[in-house]
Amino acid sequence: MAENVNSRIPTVVADGVDIVYRVNGTGGGRGSATAALNRILRRKQAEKAAGVRKVHAVRNVSFVAYRGEAIGLIGTNGSGKSTLLKAVAGLLPVENGHIYTDGQPSLLGVNAALMNDLTGERNIFLGGLAMGMPREQIKERYQDIVDFSGINEKGDFITLPMRTYSSGMAARLRFSIAAAKDHDVLLIDEALATGDRSFQRRSEARIRELRRHAGTVFLVSHNNKSIRDTCERVLWLERGELRMDGPTEEVMKEYEAFTGDKAPKKPAKAAPKPQQKAPVPAQDTKVALPS
Ligand SMILES: Nc1ncnc2c1ncn2[C@@H]1O[C@H](COP(=O)(O)OP(=O)(O)OP(=O)(O)O)[C@@H](O)[C@H]1O
């Protein structure tokens, strides 16, 4: 019953959010050959080309997230998932609309603070401090973080600089540091994609735990299984717009039909499904992948 009450407490409210990137100097550097070429080729637009180009990454997105929810954010490449997360974390301004958050959102908490030239060990302290953990608490949780990350499974890597880690190892350490703290709102961008299966399982279990501690978790992933295993609600963004917001299975079915992922694994069993595949609009698929 207590959970029911908790689940009605809003933690993130996005109200008609637009996010626009402004890219400077899309015409090339002032004196560069590219700029000169641009002027020749696009005389009329020369001024425009030297100016600012806008990328409208998120369009009129509204949703309310509640305490205790784990919400998956899905969508094809370039659909605005990371952008929306950054805005919820307060790292990007919104052009129109508002984002309200209750508590401190952490975009995997420590990305910005970690330093490649420092050892994993040092980075655990740095990341912990950046998330506002007291030094004593970091010391207490240090070994758990190392064990969770699995960095030392194949040798004493935690005492080596982070630049010597593979991208998967670095992502695991980042997630492990971030997950050591109970967050009000934890925003996870693809962290689970880089780890191996056993790390993914540990991470998923930890996400479930974080939810129980009354936080809200957002998970961006292209791994549909991770989304299904971790989230009970999914927001589907496409070309910056919120296409669907609903229970995981409902949204995933539509999304997989859209991306064509609903590959018939066992044709014999798939017999009744062609009906669902047929209504997928062909144009949608065509416009879905800008990058
Ligand atoms: N720093 C930036 N400057 C300009 N445009 C950007 C910037 N970052 C992202 N974009 C653009 O914003 C749009 C949304 O990008 P975003 O990274 O949010 O998508 P995504 O759904 O997270 O993609 P992916 O699944 O490929 O990671 C894209 O068109 C992208 O080109």
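These notes cover the structure that comes with them. (Residues numbered from 1 in each chain as written. Predicted model: local features only at pLDDT ≥ 70, side-chain atom pairs only at ≥ 80, totals over all residues. Heavy atoms only, no water.)

## Looking at the environment of Glu153
With respect to the helices and strands, the residue Glu153 is situated in the loop between helix H6 (135–149) and helix H7 (167–179). According to the relative accessible area criterion, Glu153 is exposed, its value standing at 52%. Excluding its chain neighbours within four sequence positions, the residues that come into contact with Glu153 are Arg172 and Arg202. (Helix = DSSP H or I, 4+ residues; strand = E, 2+ residues; numbered from the N terminus. Buried < 20%, exposed > 50% of the residue type's maximum accessible area, 1.4 Å probe, protein only. Contact = heavy atoms within 4.5 Å.)

## Some words on the pattern of salt bridges
As enumerated under the stated definition, the model contains twelve salt bridges in all. Arg22 is paired through a salt bridge with Glu95; the nearest N and O atoms lie 2.9 Å apart. Taken together, the positions of Arg22 in strand E1 (residues 10–24) and Glu95 in the loop between helix H4 (81–88) and strand E4 (96–101) put the pair 73 residues apart, joining distant regions of the chain. A salt bridge links Asp245 to Arg233; the nearest nitrogen and oxygen atoms lie 2.9 Å apart. A residue pair is termed long-range when its members are at least 10 positions apart, and Asp245 in strand E9 (residues 241–247) and Arg233 in strand E8 (residues 233–238) qualify at twelve residues. Three or more residues are tied together by salt bridges with common partners; here these are Glu69, Arg233 and Asp245. (Salt bridge = Lys/Arg side-chain N within 4 Å of Asp/Glu carboxyl O.)

## So, the sheet that holds strand E5 (residues 105–107)
The six strands are arranged E5-E6-E7-E3-E8-E9 in an open sheet whose pairing can be described as mixed. Two strands lie at the open edges of the sheet, namely E5 and E9, each paired on one side alone. Neighbour to neighbour, the strand axes of the sheet diverge by 15° on average, direction disregarded. Two elements, strand E3 (residues 70–74) and strand E7 (residues 216–220), share four bridges in a ladder whose sense is parallel. Bridged to Leu73 within E7 is Val220. Helix-sheet contacts for helix H11 (residues 248–259) involve E3, E8 and E9, and the interaxial angle to E9 is about 135°. (Pairing = 2+ DSSP bridges. Axes fitted to C-alpha atoms, helices over the stretch in contact; angles between N-to-C directions.)

## Describing the packing of aromatic side chains
What describes a pair of aromatic rings is the distance from one ring centre to the other and the angle between the planes of the rings. Inspection of every chain in the model, using the stated rule, returns seven aromatic pairs. Between the aromatic rings of Phe148 and Phe199, the centroid separation amounts to 5.8 Å while the plane-to-plane angle is 80°, which identifies the pairing as edge-to-face. Placement of Phe148 in helix H6 and of Phe199 in helix H9 (residues 197–212) is noted, with a sequence separation of 51 residues between them. No difference in accessibility class separates Phe148 from Phe199, as the two residues are buried. With a centroid separation of 6.0 Å and 85° between ring planes, the pair formed by Phe175 and Phe199 is classed as edge-to-face. With a gap of 24 residues between them, Phe175 in helix H7 and Phe199 in helix H9 connect regions that are remote in the sequence. Note on Phe175: relative accessible area 1%, which makes it buried. Among the residues examined, Phe199 registers a relative accessible area of 0% and is labelled buried. Grouping aromatic residues by their ring pairs yields a cluster made of Phe148, Phe175 and Phe199. The ring of Tyr66 carries the charged tip of Arg8 above its face, separated from the ring centre by 4.1 Å. The ring centre of Phe148 lies 5.7 Å from the NZ or CZ of Arg202, which sits over that ring. (Phe/Tyr/Trp six-rings, centres within 6.5 Å; stacked < 30°, edge-to-face > 60°. Lys NZ or Arg CZ within 6 Å of the ring centre and 35° of its normal.)

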